[in-house]
There are 2 protein chains.
Amino acid sequence: MGSEKSGSPGELSERKKQILKAIIEAHIELGEPVGSKYLTSNKHIACSSATIRNEMAELESMGYLEQPHTSAGRVPSEAGYRLYVDSLIDSYRLTEREIEELRTNLRKKQAELDSILDTAIRLASSLTDYTALAAKPRKVRVTVTHFEIIRTDERSMILVMLIGGIVKTRRIRSRVPVSDEASARLEMLLNGKLTGLTAAEITMPLMMEMEREMGADEYLVEPVVKGICETISAFDGGELRFDGIDRLLSYPEVYGGERLREMLTMFERKQDLLDVFSESEMQTGDDESVKIYIGRENLVKTMDNSTLVYKPIKRDGILVGAIGVIGPTRMNYSRVIAMIDHLSSGVSNLIEEGDERSD
Amino acid sequence: MGSEKSGSPGELSERKKQILKAIIEAHIELGEPVGSKYLTSNKHIACSSATIRNEMAELESMGYLEQPHTSAGRVPSEAGYRLYVDSLIDSYRLTEREIEELRTNLRKKQAELDSILDTAIRLASSLTDYTALAAKPRKVRVTVTHFEIIRTDERSMILVMLIGGIVKTRRIRSRVPVSDEASARLEMLLNGKLTGLTAAEITMPLMMEMEREMGADEYLVEPVVKGICETISAFDGGELRFDGIDRLLSYPEVYGGERLREMLTMFERKQDLLDVFSESEMQTGDDESVKIYIGRENLVKTMDNSTLVYKPIKRDGILVGAIGVIGPTRMNYSRVIAMIDHLSSGVSNLIEEGDERSD
DNA sequence: TTTAGCACTTGAAATGGTTGAGTGCTAACT
DNA sequence: AGTTAGCACTCAACCATTTCAAGTGCTAAA
């Protein structure tokens with residue numbers, strides 16, 4: 001047996017490449033193992049089925065193809081897909097219509113990051129026909145940069161916090177009326193003492209000091225600070241949202257039975273997937289192109305037969321999220337890649353420029 | 001054939017009730033059609049299998065039971081379940097442990113409605129083992145009650161809107177520096193002109209008037225007002241969130257194959273389900289107890305074999321949402337009902353009392 | 001080096017018989 | 001009249017067997 005398990009693409013003759021590419025594309029299209037005869041008749045390859053069989057046998061021993069059972073056609077292996085996306089793939093040109101659809105749909109929603117992401121995954125899912133997801137990675141150091149208190153009536157107010165460019169609010173109610181003077185002082189205190197601190201750095205002594213400075217209105221401090229800590233903690237957990245989960249069912253060969261359950265469970269737990277994105281945060285230095293994880297390449301075990309395609313989203317140069325799709329290994333790579341690329345860039349631009357439509 | 005399709009429970013002899021109840025509970029427990037022999041041996045019923053067969057035949061002709069095929073046991077019909085939950089069911093006592101779990105978990109999260117709901121559905125799903133969902137019903141008349149502008153730096157600010165007790169924010173950026181005076185005037189204008197108006201009532205003339213009053217800073221008006229309209233519009237759409245979708249797969253008899261897909265699709269589309277909740281908003285006058293929709297009783301077609309159990313959530317007497325679970329018709333009604341009842345009340349109390357931990 | 005032909009393998013689908021749970025009905029019993 | 005035992009009947013589920021067709025690997029010829 002040829003023991004050259006993972007050969008570099010250079011080893012492959014032109015014809016082998018052509019055949020491998022044809023097999024992968026046929027399999028993407030049909031979802032079934034593809035046999036030698038199919039290739040000769042449907043893809044235009046200039047040799048007979050017997051020759052193709054020989055080549056396929058070699059490709060298999062090199063690890064690019066697999067055979068479900070003796071009398072079935074061949075199926076691309078993960079290595080095969082990897083080779084395909086790395087060097088065989090034709091880059092897909094989005095049609096004018098598709099670009100237009102991306103642009104107008106994205107433009108419509110000029111809002112906070114969250115709702116932009118929602119629109120984006122909806123788009124991604126409906127355009128690619130796979131399950132789409134967006135992640136906000138877990139942050140390492142979450143701090144409030146600015147506090148502001150808004151009075152609504154004499155015993156309730158709203159605390160507005162600016163956390164890394166995102167606005168979070170929290171309602172504060174008190175049983176007794178609170179003077180304007182007291183809330184103003186509280187606001188000042190918060191801005192003076194708590195900005196720039198992570199949840200862990202907000203200590204008891206600090207809180208007691210604040211209570212001292214609030215004098216008669218010290219009763220406000222504890223619930224407010226507690227709320228702030230909760231908000232910060234909730235924020236750094238990262239977040240993950242989905243669209244088109246029902247589309248998983250379009251690929252019963254992959255997501256049938258128990259596998260589907262594992263998949264859904266993973267979507268519910270979210271943590272594993274978030275880890276994947278966080279990991280990418282590390283290697284975000286190298287480049288910022290579309291990333292592709294095929295099968296068990298780099299991922300959680302439950303994603304054996306799936307591919308994750310995603311691209312980071314940046315604001316002012318720093319990573320604020322990612323958007324991608326998840327689907328069967330035999331997904332339409334070229335189209336998906338082009339789509340995610342555009343979409344992510346679109347979102348990046350959108351949040352970069354903000355709402356400055358003031359011309 | 002006895003043509004009394006839907007008899008009132010009064011028609012039923014004590015023994016018929018007892019048998020029906022036993023069948024339903026056995027079927028809930030086992031998930032399989034239950035036969036006459038099983039009842040005599042496992043549930044203590046004081047007569048022989050033959051007698052039970054006779055009774056079952058009658059119950060079937062009355063429409064309370066169904067037979068999948070000739071040589072199978074009986075399965076409760078929707079009418080049977082309905083009768084069961086209406087008059088046969090034993091009310092379930094939550095254990096101390098369960099109550100404790102509800103309370104502590106719910107208490108932990110003292111935050112805005114959204115995150116309370118998230119916690120609640122997570123709880124509901126994990127405690128009942130069914131898919132849980134929470135809805136914020138579509139509002140008829142959404143208006144902003146209060147505007148507030150927060151300056152972050154000289155060319156960006158945050159617009160805070162109070163919409164029906166919920167806080168929404170929106171970032172505003174401008175290419176040119178904005179004076180404090182200008183933003184203060186804008187805030188005043190918004191509060192003066194736009195509070196109490198729905199999106200539809202914000203007209204062009206109104207906007208032009210505002211531009212006039214802003215003088216040199218009129219360029220701020222258009223993007224801001226546009227953003228406000230979007231926010232209001234987005235708000236009245238209602239919202240629906242889930243937890244434990246993976247649990248659908250625990251009941252393959254119901255959610256296997258095509259049905260599962262329909263179910264997921266419905267979860268994605270959300271609209272149908274929201275309609276159900278909105279409908280309940282209408283009839284919310286009659287009472288505010290736990291509501292139960294069994295099978296095709298009242299619902300969307302895709303929910304034929306499912307039951308929806310939910311209870312509205314109120315703040316200050318008005319409906320702000322609902323929480324419930326969705327599961328197979330053969331769900332453990334007594335337990336689920338008790339759970340949802342408690343949970344919904346818990347949430348209601350929590351948002352009622354707010355953060356007033358100032359003692 | 002390529003190709004045609006053929007024997008071989010093997011999963012999927014079709015067939016057919018067996019099994020067992022559960023029923024409905026009738027006749028005996030209280 | 002209501003209840004029960006007994007029995008024939010039905011029908012899905014299961015298992016073993018057969019058939020079928022797709023696709024291969026190999027050999028021999030071009």
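Above this text you will find the structure in question.
Every value quoted in this text rests on a predicted model; they were computed, and no experiment measured them. (Residues numbered from 1 in each chain as written. Chains lettered and ligands numbered in written order. Predicted model: local features only at pLDDT ≥ 70, side-chain atom pairs only at ≥ 80, totals over all residues. Heavy atoms only, no water.)

Draft legend 1. Region of interest: the sheet that holds strand E4 (residues 144–153) of chain A. Residue and element names in this part refer to chain A. Spatial strand order, E4-E5-E6: three strands in an open sheet with antiparallel pairing. Where the open sheet ends on each side, the last strands, each with one partner, are E4 and strand E6 (166–173). Adjacent strand axes in the sheet meet at a mean angle of 20 degrees when their direction is disregarded. The pairing of E4 with strand E5 (residues 156–163) spans eight bridges and is classified as antiparallel. Counted as the bridge partner of Asp-153 is Ser-156 from E5. Where helix H9 (residues 221–235) meets the sheet, its contacts fall on E4, E5 and E6, and the angle it forms with E6 comes to roughly 150 degrees. (Pairing = 2+ DSSP bridges. Helix = DSSP H or I, 4+ residues; strand = E, 2+ residues; numbered from the N terminus. Axes fitted to C-alpha atoms, helices over the stretch in contact; angles between N-to-C directions. Contact = heavy atoms within 4.5 Å.)

Draft legend 2. Looking closely at the relation of the copies chain A and chain B. With an RMSD of 0.1 Å, the fit of chain A onto chain B corresponds to turning through 180 degrees and sliding 0.0 Å along the axis. Those values place the two copies in the arrangement expected of a two-fold rotation axis. An overlap of 100% is found between the interface residues of chain A and their copies at the interface of chain B, pointing to a shared contact surface. (Least-squares fit on C-alpha atoms with pLDDT ≥ 70 in both.)

Draft legend 3. Up close: the interface of chain A and chain B. The interface is formed by 45 residues belonging to chain A together with 45 residues belonging to chain B. Buried surface at the junction of chain A and chain B, both sides included, amounts to about 4,200 Å², of which 47% is carbon and sulfur. Ranking the residues of chain A by area buried against chain B places Arg171(A), Arg173(A) and Glu268(A) at the top, with a combined share of 16%. For the pair chain A and chain B, the interface holds zero salt bridges. If you look at where chain A meets chain B, you find eight residue pairs in polar contact (both at pLDDT 80 or more). Where the side of chain A that touches chain B is concerned, the elements lending two or more residues are E4, E5, E6, H9, helix H11 (257–269) and helix H13 (333–353) of chain A. Top contributing element to the side of chain A that touches chain B by residue count: E6(A), with six residues. Class assignment for the residues of the side of chain A that touches chain B results in 14 nonpolar, 11 polar and 20 charged. (Buried area = accessible area lost by both parts, 1.4 Å probe. Salt bridge = Lys/Arg side-chain N within 4 Å of Asp/Glu carboxyl O. Polar contact = N/O pair within 3.5 Å; in protein donor to acceptor, adjacent residues only side chain to side chain. Nonpolar A, V, L, I, M, F, W, Y, C, P; charged D, E, K, R; others polar.)

Draft legend 4. Main features of helix H9 (residues 221–235) of chain B. Residues and elements named next belong to chain B. Taking 1.5 Å per residue as the helical rise, H9 with its 15 residues ought to reach 21 Å, and the 21 Å between its terminal C-alpha atoms agrees with that figure. Regarding H9, the residues found buried are Val-221, Val-224, Val-225, Gly-227, Ile-228, Cys-229, Thr-231, Ile-232 and Phe-235. Buried residues in H9 make contact with strand E4 (144–153), strand E5 (156–163), strand E6 (166–173), helix H7 (180–193) and helix H8 (204–214). (Expected span 1.5 Å × (residues − 1). Buried < 20%, exposed > 50% of the residue type's maximum accessible area, 1.4 Å probe, protein only.)

Draft legend 5. Summary view of the pairing of E6(B). Residue and element names in this part refer to chain B. The buried count for E6 comes to six of eight residues, which makes it a mostly enclosed element. As judged from the eight bridges shared by E5 and E6, these two strands associate in the antiparallel manner. Looking at the pairing, Val-160 lines up with Thr-169 of E6. Count of turn residues in the E5/E6 antiparallel hairpin: two residues, of which Gly-164 carries a positive phi of about 50 degrees.

Draft legend 6. Spotlight on the protein's contact with DNA strand C. Close to DNA strand C lie 20 residues; Arg15(A), Ser48(A), Thr51(A), Ser36(B) and Arg74(B) are nearest. What you see for DNA strand C is that sugar and phosphate hold 78% of its atoms within 4 Å of the protein. At 2.9 Å from a phosphate oxygen of DNA strand C is found a main-chain nitrogen or oxygen belonging to Ser48(A). Between DNA strand C and Thr51(A), the relevant distance is 2.6 Å, taken from a phosphate oxygen to a side-chain nitrogen or oxygen of the residue. Elements supplying a minimum of two residues to the surface near DNA strand C: helix H3 (49–62) of chain A together with helix H3 (49–61) of chain B. (Near = heavy atom within 4 Å.)

Draft legend 7. Molecular detail of the sheet that holds strand E8 (residues 291–294) of chain B. Residues and elements named next belong to chain B. Ordered by their spatial adjacency, five strands build an open sheet running E7-E3-E10-E9-E8, and the pairing between neighbours is antiparallel. In the strand order of this sheet, the two ends are held by strand E7 (239–243) and E8, each with one partner. The sheet shows a mean angle of 20 degrees between the axes of neighbouring strands, taken without regard to direction. In the sheet, E8 pairs with strand E9 (residues 306–315) via four bridges, with the strands oriented antiparallel. Within E9, the residue paired with Ile-292 across the bridge is Val-309.

Draft legend 8. Highlighting the nonpolar core. Membership of the largest hydrophobic core comes to 225 residues, with the highest contact counts inside it found for Leu190(A), Leu194(A), Phe267(A), Tyr333(A), Leu190(B), Leu194(B) and Phe267(B). For this core, the element with the highest residue contribution is H13(A), accounting for 10 residues. Setting aside residues no more than four positions away along its own chain, Tyr333(A) makes contact with Ile28(A), Tyr81(A), Tyr84(A), Val85(A), Ile89(A), Ile292(A), Ile294(A) and Thr307(A). Ranked by size, the runner-up nonpolar core spans 10 residues in total, among them Val167(A), Ile158(B), Val160(B) and Val167(B). (Core = buried A, V, L, I, M, F, W, Y, C linked by side-chain atoms within 4.5 Å.)

Draft legend 9. Spotlight on the protein's contact with DNA strand D. Around DNA strand D sit 20 residues in total, of which Ser36(A), Arg74(A), Arg15(B), Thr51(B) and Ser71(B) are the nearest. A distance of 3.4 Å separates a sugar or linking oxygen of DNA strand D from a polar backbone atom of Ala72(A). Contact distances for DNA strand D include 2.9 Å between a phosphate oxygen and a side-chain N or O atom of Arg15(B). At the level of secondary structure, the elements contributing two or more residues to the surface near DNA strand D comprise H3 of chain A together with H3 of chain B. Per-element tally for the surface near DNA strand D: the top contributor is H3(B), with four residues. For the surface near DNA strand D, the residue count by class is four nonpolar, 12 polar and four charged.

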